[in-house]
Amino acid sequence: MRAIAVERGDSQPRLIEKPRPEPGPGEALVRTLRVGIDGTDFEVIDGNHGGFPADSDHQVLGHEAVGVVEASNDTDLEEGQLVVPTVRRPPNTANEFFRRGEPDMAPPDQCLERGIDGAHGYMADYFTSPEAFLVPVPAAFEATGILIEPMSNTEKALEHASASRSAFDWQRDAALVLGNGPLGLLTLARLQSEFDRTYCLGRRDRPDPTIDLIERLGATYVDSRETPVTDVPTAYEPMDLVYEATGYAKHAFDTIDALEQNGVGVLLGLPGDDAFDVEGGRLHRSLVQGNKALVGSVNSHVTHFETACETLSALPDWFGDALVTDVFEPAAVDDAFSRSPDRIKTVIEFGSR
Ligand code: NDP
Ligand code: ZN
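Residues numbered from 1 in each chain as written. Chains lettered and ligands numbered in written order. Predicted model: local features only at pLDDT ≥ 70, side-chain atom pairs only at ≥ 80, totals over all residues. Heavy atoms only, no water.

Colleague: Help me get a handle on the pattern of salt bridges, residues and values and all.
Modeller: Oppositely charged side chains can form a pair if their charged atoms are brought close together. For the coordinates displayed, the defined rule picks out 20 salt bridges. Glu-102 is paired through a salt bridge with Arg-100; the nearest N and O atoms lie 3.4 Å apart. Among the salt bridges present, the one from Glu-237 reaches Arg-197, with a minimum N-O distance of 2.7 Å. With Glu-237 in the loop between helix H6 (232-235) and strand E15 (239-244) and Arg-197 in strand E13 (residues 197-202), this pair connects stretches of sequence that are 40 residues apart. Glu-237 sits in the buried class, given a relative accessible area of 15%. (Salt bridge = Lys/Arg side-chain N within 4 Å of Asp/Glu carboxyl O. Helix = DSSP H or I, 4+ residues; strand = E, 2+ residues; numbered from the N terminus. Buried < 20%, exposed > 50% of the residue type's maximum accessible area, 1.4 Å probe, protein only.)

This is the structure in structure tokens:
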């Protein structure tokens, strides 16, 4: 079968041939329809995130997939059912996080991540998975099912942010998303129904498809070159929620300044080891006197995938088409992994139903 993989010592993903996987006990065989590409894939290719599966000279990429059950094997899944796989898997034996059904809460050394860290991903004609990690989704998600995994990360992050504000009457007037990449834009769409006013921060000139999308959603575009995050409260308004999806490390601290009294900042980005000075005393005081919270969040699990399906179903019809700007066949791997400002979300299509 075809697969898109990075080989050890190489810095480019390539189309390779490898044997179709055999499902083990409790696993189904899934025929892949589509796989999304995101910022994490580029970090994996560059060797800045995750790592190769042990004993493998290559890593199959891809963690945002949708497929159809080809062989249910001994699972309760129906053949022909559309499914979306979760990302995390137990290392050798299941640990307490997997036993509790909370693999998203496991530390990095107690889980593998398919397509990212220590396990092959889904960019191949077929993959196998235990039933517990395959989320059945409605047939309408054939094209947009690749958005369920990234939206599930947002569902988890917002669940944790809301939980941190659950002890009092948290006002949801204004929200700011930092970052106009796919994750930021998905989140911005999700926040429209919950907040009266929404903003999204980027660093692009017009015309730009992400700015068009931000404005079409009814949100305000904030250019970080003119209005740094710390100036947002005076230039616009203080925020009840800030969602960081830039991976720019200073934004974690700038978020504290952008928050309204009693607001919460949720951090998703995965920066490198950047070092810089912060006004620690002033920010500490602001957190305390402002009853503010900062929450970090990574990954997601089955319930978040299910909520993500509901969220995506409620978004405007045009949104999925506007976000997924490019669809490539596996053979066009070089094109698919080149970056360009007129692209938002790129997808590789392995097949259709
Ligand atoms: P992208 O890299 O596609 O998007 C990041 C966006 O942030 C880009 O549009 C970039 O702008 C913008 N940006 C970066 N720095 C600045 C800045 N200083 N001012 C304004 N805009 C800025 O990534 P994704 O959308 O896929 O993901 C966002 C982040 O979240 C990444 O760090 C990713 O690793 C992480 N992530 C975390 C997950 C989790 O579970 N915690 C899950 C998925 C992703 P431009 O394009 O113009 O450079
Ligand atoms: Zn992702």
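Colleague: Lay out the site of ligand 1 in plain terms, naming residues and giving numbers.
Modeller: Taken together, 26 residues lie around ligand 1, and Asn-180, Arg-203, Arg-204, Ser-297 and Asn-299 are the ones closest in. Between ligand 1 and the protein, one listed contact pairs an oxygen atom with a backbone N or O atom of Gly-181 at 3.2 Å. Calculation on ligand 1 without its partners gives an accessible area of 930 Å², and the protein chains cover 85% of this total. Looking at the shell around ligand 1, the element that brings in the most residues is helix H1 (residues 39-45), giving 3 residues. When its residues are assigned to classes, the shell around ligand 1 shows 8 nonpolar, 14 polar and 4 charged. Three or more residues apiece are contributed to the shell around ligand 1 by two domains, here domain 1 (2-136 + 317-349) and domain 2 (152-296). (Near = heavy atom within 4 Å. Polar contact = N/O pair within 3.5 Å; in protein donor to acceptor, adjacent residues only side chain to side chain. Areas by Shrake-Rupley, 256 points an atom, 1.4 Å probe, with all protein chains shown as cover. Nonpolar A, V, L, I, M, F, W, Y, C, P; charged D, E, K, R; others polar. Domains from an automatic or database assignment.)

Colleague: I'd like a description of the domain arrangement of the chain, backed by residues and values.
Modeller: In terms of domain boundaries, the chain breaks down into domain 1 (2-136 + 317-349) and domain 2 (152-296). Between the C-alpha centres of domain 1 and domain 2 the distance comes to 28 Å. With 12 residues of domain 1 in contact, the opposing surface of domain 2 contributes 14 residues. Both sides together, the interface formed by domain 1 and domain 2 hides about 1,200 Å², and carbon and sulfur atoms give 76% of it. If you look at where domain 1 meets domain 2, you find 1 salt bridge. Across the pair Asp-104 and Lys-156 runs a salt bridge whose closest N-O atoms are separated by 3.2 Å. Top contributing element to the side of domain 1 that touches domain 2 by residue count: helix H10 (residues 318-323), with 4 residues. Across the side of domain 1 that touches domain 2, the residue classes tally to 7 nonpolar, 1 polar and 4 charged. (Contact = heavy atoms within 4.5 Å. Buried area = accessible area lost by both parts, 1.4 Å probe.)

Colleague: Tell me what's going on with the UniProt feature "domain: Alcohol dehydrogenase-like N-terminal" (unreviewed entry) in the chain, and back it up with residues and numbers.
Modeller: Feature annotation in UniProt assigns "domain: Alcohol dehydrogenase-like N-terminal" (unreviewed entry) to the following positions: residues 24-138. In residues 24-138, the share of helix is 10% and the share of strand is 36%. The end C-alpha atoms are 26 Å apart. (UniProt positions renumbered as here; feature names shortened; annotations may be inferred.)

Colleague: Give a detailed account of the nonpolar core, specifying residues and quantitative values.
Modeller: Within the largest apolar cluster, 50 residues are counted, with the highest numbers of intra-cluster contacts made by Val-137, Ile-148, Leu-241, Tyr-243, Leu-312, Phe-319 and Leu-323. Here this core spans two domains, and each of domain 1 (2-136 + 317-349) and domain 2 (152-296) adds at least three residues to it. Apart from residues lying up to four places away in sequence, Tyr-243 is in contact with Thr-154, Ala-157, Leu-158, Leu-176, Val-177, Leu-178, Leu-183, Thr-187, Val-266 and Leu-268. Core analysis: the second largest hydrophobic core is formed by 34 residues, Phe-42, Ile-116, Tyr-122 and Ala-336 among them. (Core = buried A, V, L, I, M, F, W, Y, C linked by side-chain atoms within 4.5 Å.)

Colleague: Report on the sheet that holds E15, specifying residues and quantitative values.
Modeller: What the 6 strands build is an open sheet, ordered E14-E13-E12-E15-E16-E17; its pairing is parallel. Single-partner strands in this sheet number two, and they are strand E14 (220-223) and strand E17 (293-296). Between one strand and the next, the sheet's axes are offset by a mean angle of 20°, whatever the strand orientation. Note: strand E16 (residues 259-267) against E17, 4 bridges, orientation parallel. Across the sheet, Leu-267 pairs through a bridge with Gly-296, a residue of E17. Its contacts with the sheet place helix H4 (residues 182-191) against strand E12 (174-178), E13 and E15, and it is angled at close to 165° to E12. (Pairing = 2+ DSSP bridges. Axes fitted to C-alpha atoms, helices over the stretch in contact; angles between N-to-C directions.)

Colleague: Lay out the sheet that holds strand E2 (residues 14-17) in plain terms, naming residues and giving numbers.
Modeller: In space, the 3 strands of this open sheet follow the order E2-E1-E4, with antiparallel pairing throughout. The open sheet has two free edges, formed respectively by E2 and strand E4 (58-60), since each of these has just one partner strand. Each strand of the sheet is rotated relative to its neighbour by a mean of 55°, with strand direction disregarded. Pairing geometry for strand E1 (residues 2-7) and E2, over 4 bridges, is antiparallel. Of the residues in E2, the one forming a bridge with Ala-5 is Arg-14.

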